[in-house]
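Structural features, examined
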Amino acid sequence: MDTRESKTPEEELEHLKEVNQPEDFDQPEPDAEQPEAKRSPGGLQRVLPIVIVVLGLLVAAMLIYSGSAQ
């Protein structure tokens, strides 16, 4: 690790080139070591709308029954 405070202009230019380039420019596909990158997210995206609808129905039922009880 470089602990110097300042870099030469050549070192700074090289650093900027490394930072601006994507890591896997030659192979844009997800790495074999990262199977989660290839897998599509599934669980929460399907369950969340169901939970929202059930909670909405529960709140609506509570409002209706609390108004008709009086």
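Note that the structure is a prediction, hence the values are computed from the model and not measured.

Further remarks concern the overall build of the protein. Scanning the protein for helices and strands turns up 3 helices and 0 strands. Starting at the N terminus and walking to the C terminus, you meet the elements of the protein as α-α-α. Taking all 70 residues of the protein together, 0% fall into the buried category. As displayed, the protein has an accessible area near 7100 Å², and 60% of this comes from carbon and sulfur atoms.

For the protein, mean pLDDT is 76; residues scoring 70 or higher make up 57% of the total. Mean pLDDT per element in the protein: helix α2 (residues 35-38) is the minimum at 66, and helix α3 (residues 43-68) is the maximum at 89.

All right, on to a nonpolar patch on the surface then. A cluster of nonpolar side chains, namely Val 47, Val 51, Leu 55, Leu 58 and Met 62, defines an oily patch on the protein surface of about 460 Å² accessible area. Assignment of secondary structure puts Val 47 in helix α3.

Rules of the game
- Residues numbered from 1 in each chain as written.
- Predicted model: local features only at pLDDT ≥ 70, side-chain atom pairs only at ≥ 80, totals over all residues.
- Heavy atoms only, no water.
- Helix = DSSP H or I, 4+ residues; strand = E, 2+ residues; numbered from the N terminus.
- Buried < 20%, exposed > 50% of the residue type's maximum accessible area, 1.4 Å probe, protein only.
- Areas by Shrake-Rupley, 256 points an atom, 1.4 Å probe, with all protein chains shown as cover.
- pLDDT = per-residue confidence, 0-100.
- Patch = residues over 30% accessible without salt bridge, like charges linked within 9 Å, V, L, I, M, F, W, Y side chains within 5 Å.
- Salt bridge = Lys/Arg side-chain N within 4 Å of Asp/Glu carboxyl O.

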